[in-house]
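Breakdown of the fold
Listed below are the residues making up each chain.
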Amino acid sequence: MQTMPAHAAHHQDNEIETLEEFDAIVSARGTLAGFRVQAVDLTDRTRELLTTDTAGAVFLGCPMREEAAAKVRAAGALVFPPVPDLPFDPYRGHVYTPGELFASLDKGYEQTPDALAYAWFQRTKADGDVYASMLRSVHDDSVSDALDELLRGTRVVGVMGGHAMARGTQGYERAARLGGALARAGFTVATGGGPGAMEAANLGAYAAPYDDAMLEDACQLLGKAPSFTPSITDWARCAFEVRERWPKGNHSVGIPTWFYGHEPPNAFASHIAKYFANATREDGLLARSNAGVVFLPGAAGTVQEVFDNATPNYYESRGEPTPMVLVDRVHWTERLPVWPLLQALARNRSMEPRIALVDHVEEAPEALVRLARTTVG
């Protein structure tokens, strides 16, 4: 299995995103000049801020005492103060964790940061307030930056599929086995981060260090709440039960959106990059799937993702085409005949040897590896 890189080793050299990094930089270099300090609580670092050069530094959403803020501004730093009464931090330096988004789940999902951020989005998305839209944009850009840092140097496979796939079904278990097989093959699994097939693939990646019996038991336990309707609270609690029973899961990535906030994020992605703008999220998920994408049976959303991915492969706008594997021949040739159109698009293009249609999820990992080896052109 591929190890997710340590966060601190991969961001820009002038970015400080934790208190530990702040202390280390001040101690080793004696200056903060030109640094970007992102969402670090500096309330207890007044002495350091008063005595350290901060010329050209930028402080993004860092709580600090007023005398410290006045000094660093006077010394030539820019200070973007924390935004009061927001249910999210627009300047955050890291992607989310399941525990962070589902904090306070014991009081009901409606009290969690995830639900509160969605409620804020619902209130502000149509009011035309440039301040709210700016906060959403700053947040999404911060999340993209954090996601790029997290994934640098990893081989990412996207798994796309419908949100309607219920826990306890054969399709769900097969999607989970796919996630496990990809993780064991050394890939980082990335999904849309929601329920259904997305959750199943993240679950499979989480379960990769365990044996098949664990995955069967986990699927059975999750079957107690097959869907996030009628109760997101019950649905999420089942997932955390699985995590508590088998705590040493493997990493994977979920990239959901508050644009579809009625669909909660799943708790099996260890790293969750949640966006307000769905277009940014969709494009970002596919663009970061540098080792290819597997498309499980889905409806309109998954069809859209197939062609969102096919377009840059067709034009080579992101460089050499990446593998695309469609799973379930009947679904993609009869129910929704996407495969014939994809084949026709690919004909005589560099992407032609990088697409495949397979009958079963078990064939997808081998197909990905085979397509990646195929010479393009």
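Use the structure listed above.
Report on the accompanying structure. (Residues numbered from 1 in each chain as written. Predicted model: local features only at pLDDT ≥ 70, side-chain atom pairs only at ≥ 80, totals over all residues. Heavy atoms only, no water.)

Examining the nonpolar core
Among soluble globular proteins, nonpolar side chains are generally buried collectively. This is how the line gets drawn: We call a set of buried Ala, Val, Leu, Ile, Met, Phe, Trp, Tyr and Cys residues a nonpolar core when their side-chain atoms join them within 4.5 Å. Using a 1.4 Å probe on the protein chains alone, a residue whose accessible area is under 20% of its type maximum counts as buried, one over 50% counts as exposed, and one in between counts as partly exposed. For this analysis, residues touch if any pair of their heavy atoms sits within 4.5 Å.
In terms of nonpolar packing, the biggest core is built from 97 residues, with Leu147, Val294, Leu296, Val325 and Leu342 touching the most fellow members. Dropping the residues within four chain positions of it, leucine 147 is found in contact with Val95, Val253, Ile255, Ala273, Tyr275 and Arg288. In terms of nonpolar packing, the next biggest core, distinct from the first, is built from 19 residues, Phe22, Leu42, Phe59 and Ala77 among them.

Describing the sheet that holds strand 7 (residues 253–254)
So the rule is basically this: Two strands qualify as a pair provided that DSSP identifies no fewer than 2 bridges between them. Here a strand is any run of E in DSSP of at least two residues, a helix any run of H or I of at least four, and the numbering for each starts at the N terminus. Orientation is described by axes fitted as lines to C-alpha atoms, over the contacting stretch for helices, and by angles from 0 to 180 degrees between their N-to-C directions.
With parallel pairing, seven strands are arranged side by side in an open sheet as 8-7-6-5-9-10-11. Both outer strands of the open sheet, strand 8 (271–272) and strand 11 (355–358), are each paired with one neighbouring strand and no more. Here helix 8 (residues 197–206) sits on the sheet and contacts strand 5 (156–160), strand 6 (188–191) and strand 7; the angle it forms with strand 6, its principal contact strand, is near 160°. Across the face of the sheet, helix 11 (residues 278–288) comes into contact with strand 5, strand 6 and strand 9 (293–295) while running at roughly 130° to strand 5.

Structural notes on the pairing of strand 11
On strand 11, burial covers both faces: Ile355 and Leu357 on one face and Ala356 and Val358 on the other are all buried. Relative to strand 11, strand 10 (residues 324–327) is paired through four bridges, and the arrangement is parallel. Looking at the pairing, methionine 324 lines up with isoleucine 355 of strand 11.

Digging into the layout of surface pockets
Using the following cut-off: Put plainly, a pocket is an open set of points on a 1 Å grid over the protein atoms alone with protein on both sides within 12 Å along at least five of seven lines, a cavity is a set where a 1.4 Å probe fits but cannot get out, and a lining residue has an atom within 4 Å of a point. Grid points are joined across faces, edges and corners, and a volume is the space filled by probe spheres set on the points. Each residue is assigned to one class: nonpolar for Ala, Val, Leu, Ile, Met, Phe, Trp, Tyr, Cys and Pro, charged for Asp, Glu, Lys and Arg, and polar for all the others, Gly among them.
The space that makes up the largest pocket amounts to roughly 360 Å³. Counting only elements with at least two residues in the lining of the largest pocket, the list comes to helix 11 and helix 12 (300–315). Examining the composition of the lining of the largest pocket, we find that five residues originate from one element, helix 12, more than from any other. The class makeup of the residues in the lining of the largest pocket is eight nonpolar, 10 polar and five charged.

Observations concerning the environment of alanine 39
Structurally, alanine 39 can be placed in the loop between strand 2 (36–38) and helix 2 (46–51). Along the backbone, alanine 39 and glycine 93 are 54 residues apart, and their C-alpha atoms lie at a distance of 6.2 Å. Each residue touching alanine 39, except ones within four places of it in the same chain, is listed here: Leu60, Gly61, Cys62, Asp89, Tyr91, Arg92 and Gly93.

Side note on the packing of aromatic side chains
The criterion, for reference: What counts as a ring pair is set by centres within 6.5 Å for rings of Phe, Tyr and Trp (its six-membered ring), and what kind of pair is set by the plane angle: stacked under 30 degrees, edge-to-face over 60, tilted for all other angles.
Under the defined criterion, the tally for this structure stands at 13 aromatic pairs. Ring plane angle 70° and centroid distance 4.9 Å describe the contact between phenylalanine 88 and tryptophan 120, whose orientation is recorded as edge-to-face. Placement of the pair is phenylalanine 88 in the loop between strand 4 (78–80) and helix 4 (98–101) and tryptophan 120 in helix 5 (residues 113–124), with a sequence separation of 32 residues. With relative accessibility at 8%, the residue phenylalanine 88 sits in the buried group. Members of the aromatic cluster, each reached through a chain of ring pairs, are Phe88, Tyr96, Trp120, Phe121, Trp258 and Phe276.

Description of the pairing of strand 6
Cut-off, in case you're wondering: Consider the strands pointing away from the viewer: the crossover is right-handed when the path from the first strand over the helix to the second runs clockwise.
Both faces of strand 6 are covered, namely the face carrying Thr188 and Ala190 and the face carrying Val189 and Thr191. Across four bridges, strand 5 lies against strand 6 in parallel orientation. Residue pairing across strands places valine 159 opposite threonine 191, the latter belonging to strand 6. As for the winding sense of the linkage, the β-α-β connection from strand 5 through helix 7 (residues 170–184) to strand 6 is right-handed. Of the pairings in the sheet, the one linking strand 6 to strand 7 comprises two bridges and is parallel in character. Note that in strand 7 the partner of alanine 190 across the bridge is valine 253.

Thoughts on helix 10 (residues 232–245)
What counts is decided by this rule: Take the residue count of a helix, subtract one, and multiply by 1.5 Å to get its expected span.
When the terminal C-alpha atoms of helix 10 are compared, their 20 Å separation across 14 residues agrees well with the 20 Å that a helix rising 1.5 Å per residue should span. If you check which residues of helix 10 are buried, you get Ile232, Thr233, Trp235, Ala236, Cys238, Ala239, Phe240 and Val242. Buried positions along helix 10 lie against helix 4, helix 8 and helix 9 (212–222).

Topic: the packing of helix 7 against helix 15 (residues 364–373)
Rule in force here: For classification purposes, an angle smaller than 35 degrees is called roughly parallel, one larger than 145 roughly antiparallel, one from 65 to 115 roughly perpendicular, and anything else oblique.
Interaxial distance between helix 7 and helix 15 falls to 9 Å at its minimum, and their mutual angle equals 45°. One element, helix 7, and the other, helix 15, form an angle in the oblique class. Of the residues in helix 15, those in contact with Leu178, Ala181 and Leu182 of helix 7 are Ala364, Pro365 and Leu368. Taken together, the residues that form the contact of helix 7 with helix 15 break down as six nonpolar, no polar and no charged.

Observations concerning unusual backbone geometry
Proline 230 follows threonine 229 through a cis peptide bond whose omega is 5°. Its location among the elements puts proline 230 in the loop between helix 9 and helix 10. In this structure, alanine 39 is a non-glycine residue whose phi angle is positive, near 55°. Alanine 39 gets classed as partly exposed once you look at its relative accessible area, which sits at 27%. Of note in the backbone geometry, asparagine 348 takes a positive phi value of approximately 65° without being a glycine. Following the sequence through the fold, asparagine 348 ends up in the loop between helix 14 (338–346) and strand 11. With relative accessibility at 72%, the residue asparagine 348 sits in the exposed group.

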